[in-house]
Amino acid sequence: RAQTTTTSEARRLATRDVAALSILGQVVAVTVAATFVDAPQTLMVAVVVSRVFLYAFDVAYVELQQQLVAEADRNAVQGCEAALTGAAELGLAGVALTYATDFEVVADVSATAVVAAGLTF
């Protein structure tokens, strides 16, 4: 007996795949940026490319959040996400201020955070 998927299930799976490929693209771009931190042009191109993947992931993630989270719970989930994002940004800002003269450390910490996010997703 063949299994059938509904249109909404297929859409959810496609959106998840786009999100996964986008985070993979960002991981690759940020890793390239961290590797070539001493070459300013390569670094900037890699950062710009990573932003394209970040935007694609963000759009796919918001779409998944709207599909998977019950409407009554969306505010709580969004609030928790905003708090966690703010804490991560504060932590990275602390690293950037602490290692302001050693950009390689900041780039490595940033790349590690992106890889960890990709593995978590």
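Definitions and limits used
Residues numbered from 1 in each chain as written. Predicted model: local features only at pLDDT ≥ 70, side-chain atom pairs only at ≥ 80, totals over all residues. Heavy atoms only, no water. Helix = DSSP H or I, 4+ residues; strand = E, 2+ residues; numbered from the N terminus. Expected span 1.5 Å × (residues − 1). Buried < 20%, exposed > 50% of the residue type's maximum accessible area, 1.4 Å probe, protein only. Core = buried A, V, L, I, M, F, W, Y, C linked by side-chain atoms within 4.5 Å. Contact = heavy atoms within 4.5 Å. pLDDT = per-residue confidence, 0-100.

## Some remarks on the environment of Val95
So, step 1. Along the chain, Val95 turns up in helix H3 (residues 74–98).
So, step 2. When the C-alpha positions of Val95 and Glu9 are compared, they lie 41 Å apart, and in sequence the two are 86 residues distant.

## Some points on helix H2 (residues 40–68)
So, step 1. With 29 residues, H2 extends 41 Å from end C-alpha to end C-alpha; this agrees with the ideal 42 Å at 1.5 Å per step.
So, step 2. For H2, the complete set of buried residues consists of Leu43, Ala46, Ser50, Phe57, Ala60, Leu64 and Gln65.

## Some details on the nonpolar core
So, step 1. Listed in full, the seven residues of the largest apolar core are Val27, Val30, Ala34, Val37, Ala107, Ala111 and Val114.
So, step 2. Secondary-structure elements contributing two or more residues to this core are helix H1 (7–35) and helix H4 (103–120).
So, step 3. Aside from chain neighbours lying at most four places away, what touches Val30 is Ser50, Ser110, Ala111 and Val114.
So, step 4. Grouped together as the second largest cluster of nonpolar side chains are five residues, Ile23, Phe57, Ala60 and Leu64 included.

## Topic: the confidence of the model for the protein chain
So, step 1. With 96% of its residues at a pLDDT of at least 70, the protein chain reaches an overall mean of 86.
So, step 2. Here H4 stands out as the least confident element of the protein chain, with mean pLDDT 84; H3 is the most confident, with 91.

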